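Structural characterization, general
As a plain string of letters, each chain reads:
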Amino acid sequence: MNRPPGPTSDPAAPPVSGAPGSGGATRLVHLRTRSVLTIALASLFGLGAVGWPLVISPRSTLAHGVDAPWVFALLLPLILAVVLAEISEGGMDSKAVALLGVLSAAGAALRPFGAGTAGIETVFFLLVLGGRVFGPGFGFVLGSTTLFTSALLTAGVGPWLPYQMLGAAWFGLGAGLLPRLRGRLEPVLLAGYSAVASLGYGLVMNLSFWPFGTGSGLSSLSYVPGAPIGDNVVRLVGYMLATSLGWDVGRALTTGVLVLVTAPVMLRTLRRAARRATFPTR
């Protein structure tokens, strides 16, 4: 009896995404060229939002005011909304949205178990694993939605939230951009990235608060408007050492250890879920 040809019976057909030997990269959120450009522009704006104190001209009125962080805090949600809308239009189907909702809810539920206690963070490891398995586009969206959902659940909505969402979005994006590596070395790669990215997240949050949180030139750790970039970098480093380094290191250690411990099981689980949903796996 002749059977009807299956989905992979055509020898000219491309390999099934996620099938052994297909080598397909994870793209749960398919990024079009326009989506990539949108993320790039949003990231450039985000860099300006956190890095303006170090590069602003001494003659600029922005350098001598305290309203810049608030302006950026108001604009960042709009920028992130544009990015999320663009990505959603470009490649998120119902399965992707469902999985995004599950992981975002899981991350939001995990965060209260560690946030605010000596830098122990229990949410960022999930962003790393999600971005690793499902790609940079999904990682970017997952970081934003997880921090937003967590803020709603814990009454943590404030001017700092857009910066947290942006930092977490970069966290997941970077995990999706890591080079391919399988086997025992993959958890080590992800743990190392987690530690470095955790410190980077701390830097983002410090830059969002430092210019106006310590006053203008009131101490050796304060931001000095219009000062040479080297002087302000020294002041920023001193501020980080005096205030947040313990939390940043705690976040780096917690996230790195969680990734190292859970990666072997979580990666297999997420990749199995992706295959069953006919998503390509990485």
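Residues numbered from 1 in each chain as written. Predicted model: local features only at pLDDT ≥ 70, side-chain atom pairs only at ≥ 80, totals over all residues. Heavy atoms only, no water.

Some thoughts on the overall build of the chain
On a plain count of helices and strands, the chain comes out with nine helices and zero strands. The order of α-helices and β-strands along the chain, N terminus first, is α-α-α-α-α-α-α-α-α. Within the chain, buried positions represent 48% of all 282 residues. Taking the intrachain contacts of the chain between residues at least 6 apart in sequence as the baseline, contacts between residues at least 24 apart amount to 76%. (Helix = DSSP H or I, 4+ residues; strand = E, 2+ residues; numbered from the N terminus. Buried < 20%, exposed > 50% of the residue type's maximum accessible area, 1.4 Å probe, protein only. Contact = heavy atoms within 4.5 Å.)

Thoughts on the packing of aromatic side chains
As enumerated under the stated definition, the model contains five aromatic pairs in all. An aromatic cluster is built from Phe 124, Phe 171, Tyr 193 and Tyr 201, whose rings are joined through pairwise contacts. (Phe/Tyr/Trp six-rings, centres within 6.5 Å; stacked < 30°, edge-to-face > 60°.)

Re helix α6 (residues 161-176)
The terminal C-alpha atoms of α6, which comprises 16 residues, lie 23 Å apart, in line with the 22 Å expected from a rise of 1.5 Å per residue. Burial of α6 is extensive: 16 of the 16 residues sit out of reach of the surface. (Expected span 1.5 Å × (residues − 1).)

Some words on helix α1 (residues 33-55)
It helps to recall that an α-helix has 3.6 residues per turn; residues three or four apart then point in one direction. Of all the bends found along α1, the most pronounced is centred on Ala 49 and spans about 50°, while Pro 53, a proline, follows it within four residues. Buried residues of α1: Ser 35, Thr 38, Ile 39, Ala 42, Ser 43, Gly 46, Ala 49, Val 50, Gly 51, Trp 52, Pro 53 and Leu 54, and no others. (Bend = angle between axes of the 7 residues up to and from the residue.)

Concerning the nonpolar core
The biggest cluster of nonpolar side chains holds 54 residues, and the ones touching the most others in it are Leu 103, Leu 129, Phe 134, Phe 171 and Val 259. Counting only elements with at least two residues in this core, the list comes to α1, α3 (94-110), α4 (124-134), α5 (136-154), α6, α7 (185-213), α8 (229-243) and α9 (245-276). When residues of this core are assigned to their parent elements, the largest contribution, 10 residues, is made by α6. Beyond its immediate sequence surroundings of up to four residues, Val 259 is in contact with Phe 125, Val 128, Leu 129, Pro 187, Leu 190, Ala 191 and Ser 194. (Core = buried A, V, L, I, M, F, W, Y, C linked by side-chain atoms within 4.5 Å.)

Let's talk about the confidence of the model for the chain
On average, residues of the chain score 77 in pLDDT, and 72% of them reach the 70 mark or higher. By mean pLDDT, helix α2 (residues 68-91) is the weakest element of the chain at 64, and α4 is the strongest at 93. Counted against residues more than four places away or in other chains, residues 1-26, with its pLDDT under 50, gives 23 contacts. (pLDDT = per-residue confidence, 0-100.)

Quick look at a nonpolar patch on the surface
A contiguous nonpolar patch, built from Val 55, Leu 199, Ile 229, Val 233, Val 237, Leu 241, Leu 245, Val 249 and Leu 253 and spanning about 770 Å² of accessible area, is present on the exposed surface. Contributing elements (two or more residues each) for the nonpolar patch: α8 and α9. Of the residues forming the nonpolar patch, the biggest block, four residues, is contributed by α8. (Patch = residues over 30% accessible without salt bridge, like charges linked within 9 Å, V, L, I, M, F, W, Y side chains within 5 Å. Areas by Shrake-Rupley, 256 points an atom, 1.4 Å probe, with all protein chains shown as cover. Salt bridge = Lys/Arg side-chain N within 4 Å of Asp/Glu carboxyl O.)

Considering the pattern of salt bridges
This model, assessed by the stated rule, comprises four salt bridges. Note that Arg 251 is salt-bridged to Glu 121, the shortest N-O span being 4.0 Å. In this pair, Arg 251 sits in helix α9 while Glu 121 sits in the loop between α3 and α4, placing the two residues 130 residues apart along the sequence. Classification of Arg 251 by relative accessible area gives buried; the value is 8%. We classify Glu 121 as buried; its relative accessible area is 9%. Across the salt bridge formed by Glu 186 and Arg 132, the nearest N and O atoms sit 2.8 Å from each other. On the criterion of sequence distance, the pair formed by Glu 186 in helix α7 and Arg 132 in helix α4 is long-range, its members being 54 residues apart. Given a relative accessible area of 3%, Glu 186 falls into the buried group.

Describing the packing of α4 against α5
Where α4 meets α5, the closest approach of the two axes is 7 Å, and the angle between their N-to-C directions is 155°. With respect to each other, α4 and α5 are oriented roughly antiparallel. In this structure, α4 crosses over α5, and the sense of that crossing is right-handed. The residues of α5 that touch α4, namely those facing Leu 126, Leu 127, Gly 130, Gly 131 and Phe 134, are Pro 136, Phe 138, Gly 139, Leu 142, Gly 143 and Thr 146. (Axes fitted to C-alpha atoms, helices over the stretch in contact; angles between N-to-C directions. Parallel < 35°, antiparallel > 145°, perpendicular 65-115°, else oblique. Left-handed = near helix turned anticlockwise from the far one by under 90°.)

Concerning the environment of Ala 40
Relative to the helices and strands, Ala 40 resides in helix α1. Take Ala 40: its relative accessible area is 37%, and that puts it in the partly exposed class. Placed 43 residues apart in sequence, Ala 40 and Val 83 show a C-alpha to C-alpha distance of 9.6 Å.

Here's the deal with the side chain of Thr 255
Mapped onto the elements of the fold, Thr 255 is located in helix α9. Within the structure, Thr 255 has its side chain in polar contact with the backbone oxygen of Arg 251 (distance 2.8 Å). Setting aside chain neighbours within four positions, we find Thr 255 in contact with Glu 121, Phe 124, Phe 125, Phe 171, Ser 194 and Ser 198. (Polar contact = N/O pair within 3.5 Å; in protein donor to acceptor, adjacent residues only side chain to side chain.)

Some details on the packing of α7 against α8
Two elements in contact, α7 and α8, have axes separated by 11 Å at closest approach and are oriented at 110°. Overall, the two elements α7 and α8 adopt an arrangement that is roughly perpendicular. The element α7 and its partner α8 pack so that their crossing is right-handed. On α8, the residues that touch Leu 203, Asn 206, Leu 207, Phe 209 and Trp 210 of α7 are Asn 232, Arg 235, Leu 236, Tyr 239, Met 240 and Thr 243. A per-class count over the contact of α7 with α8 returns seven nonpolar, three polar and one charged. (Nonpolar A, V, L, I, M, F, W, Y, C, P; charged D, E, K, R; others polar.)

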